[in-house]
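Structural description and commentary
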Amino acid sequence: MNLNQTLAVKPGAVALMALMAATRFHHFGTPFALPDASLAVFFFAGLWLGGRYLFAFLLAEAVLIDYLAITKLGVSDFCVSKAYGFLVFSYGAMWLGGKWCRQFTALSVATVAQRLMALVAATSIAFLFSNGSFYWLSGRYPNGSFTQYIERVAMYYPPYLTNTLIYGVVIFALVSAVKSLLAAKATREAI
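A short tour of the structure in this document, coming up. Note that the coordinates shown come from a computational prediction; the quantities given were computed from them, not determined experimentally.

Quick notes on the rules
- Residues numbered from 1 in each chain as written.
- Predicted model: local features only at pLDDT ≥ 70, side-chain atom pairs only at ≥ 80, totals over all residues.
- Heavy atoms only, no water.
- Core = buried A, V, L, I, M, F, W, Y, C linked by side-chain atoms within 4.5 Å.
- Buried < 20%, exposed > 50% of the residue type's maximum accessible area, 1.4 Å probe, protein only.
- Helix = DSSP H or I, 4+ residues; strand = E, 2+ residues; numbered from the N terminus.
- Contact = heavy atoms within 4.5 Å.
- Axes fitted to C-alpha atoms, helices over the stretch in contact; angles between N-to-C directions.
- Parallel < 35°, antiparallel > 145°, perpendicular 65-115°, else oblique.
- Left-handed = near helix turned anticlockwise from the far one by under 90°.
- Nonpolar A, V, L, I, M, F, W, Y, C, P; charged D, E, K, R; others polar.
- Salt bridge = Lys/Arg side-chain N within 4 Å of Asp/Glu carboxyl O.
- Patch = residues over 30% accessible without salt bridge, like charges linked within 9 Å, V, L, I, M, F, W, Y side chains within 5 Å.
- Areas by Shrake-Rupley, 256 points an atom, 1.4 Å probe, with all protein chains shown as cover.

Looking at the nonpolar core
- Ranked by internal contacts, the top residues of the largest apolar core, which has 34 residues, are Met 20, Phe 42, Phe 43, Phe 44, Leu 58, Met 94 and Trp 95.
- The set of elements that each furnish at least two residues to this core consists of helix H2 (11–23), helix H3 (38–49), helix H4 (52–71), helix H5 (87–100), helix H6 (109–137) and helix H7 (146–190).
- Per-element accounting of this core gives the leading share, eight residues, to H3.
- Beyond its immediate sequence surroundings of up to four residues, Met 94 is in contact with Leu 39, Phe 42, Phe 43, Leu 119, Ala 122, Thr 123, Ala 126 and Thr 164.

Spelled out as structure tokens, the structure:
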């Protein structure tokens, strides 16, 4: 692969970057904004696009959006702490989960189930990195205990997982529908 292929603009990458840019401002969403799609973006970038440059670019985009949201749009900086760097591991888990799913190529119930299980596993690992590092390292819980941490997990894990699964199901469905339509069109044109 030459440098021009490495730096070529890929429509899928642009779509995923746009999705992150449109949703990253509100982690769990509001009545007026969708929840953050960053986890799903990293998963699908790993699944369909790969490449360490794109991973680094998506990380830079996430940091830039967070910076702009906090400094220009008045979004709270509560979640930015010395644990913020652990998001690299969270997004890395999603990316690697997506890359692992590349082996499931056939469109079948088993493949869909395998991809969903991988999405759940990657999201769970990402949650442990982001939530665990925030709880134990951010300084926001100086008298933290394992019991309190479990209570926080019970509070934050369900929406964390649910939002990512919803994005995952919707994106998988849209891409599958587009692929089916393009295949049907190609078949009709070949006849």
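A few points about the environment of Ser 176
- Its place among the elements puts Ser 176 in helix H7.
- Sequence-wise, Ser 176 and Thr 111 are 65 residues apart; in three dimensions their C-alpha atoms are separated by 12 Å.

Details of the environment of Leu 87
- When you line up the elements, Leu 87 lands in helix H5.
- In this structure the C-alpha to C-alpha distance between Leu 87 and Phe 129, which are 42 residues apart in sequence, comes to 7.1 Å.
- Ignoring any residue separated from it by four or fewer positions in sequence, one finds Leu 87 in contact with Arg 24 and Ser 130.

Some details on the packing of H3 against H7
- With their axes 9 Å apart at the nearest point, H3 and H7 run at an angle of 40° to one another. By the criterion of interaxial angle, the relationship of H3 to H7 is oblique. Between H3 and H7 the crossing geometry is right-handed. Contacts between H3 and H7 involve Leu 39, Ala 40, Phe 43, Phe 44, Leu 47 and Trp 48 from the first element and Tyr 160, Thr 164, Tyr 167, Gly 168, Ile 171, Phe 172, Val 175 and Lys 179 from the second.
- Here the residues of the contact of H3 with H7 sort into 11 nonpolar, two polar and one charged.

Quick notes on the packing of H3 against H5
- For the pair H3 and H5, interaxial distance at closest approach is 6 Å and the crossing angle is 40°. If you check the angle between H3 and H5, you find them oblique. H5 is crossed by H3, and the crossing has right-handed handedness. Residues Ser 38, Leu 39, Phe 42, Phe 43, Ala 45, Gly 46 and Leu 47 of H3 lie in contact with H5, whose contacting residues are Tyr 91, Met 94, Trp 95, Gly 97, Gly 98 and Lys 99.
- Taken together, the residues of the contact of H3 with H5 break down into eight nonpolar, four polar and one charged.

Examining the pattern of salt bridges
- Taken as a whole and judged by the stated rule, the model has three salt bridges.
- In this structure, Asp 66 and Arg 24 form a salt bridge, with 2.8 Å as the shortest nitrogen-oxygen distance. Of this pair, Asp 66 sits in helix H4 while Arg 24 is found in the loop between H2 and H3, placing the two residues 42 residues apart along the sequence.
- With a shortest N-O distance of 4.0 Å, Lys 185 and Glu 189 are connected by a salt bridge. Here Lys 185 and its partner Glu 189 are both found in helix H7, four residues apart, which amounts to about one turn of the helix.

Observations concerning a nonpolar patch on the surface
- Residues Val 88, Phe 89, Ile 125 and Phe 129 make up a contiguous nonpolar surface patch of about 340 Å² in total accessible area.
- Mapped onto the fold, Val 88 is located in helix H5.
- By relative accessible area, Val 88 is classed as partly exposed at 39%.

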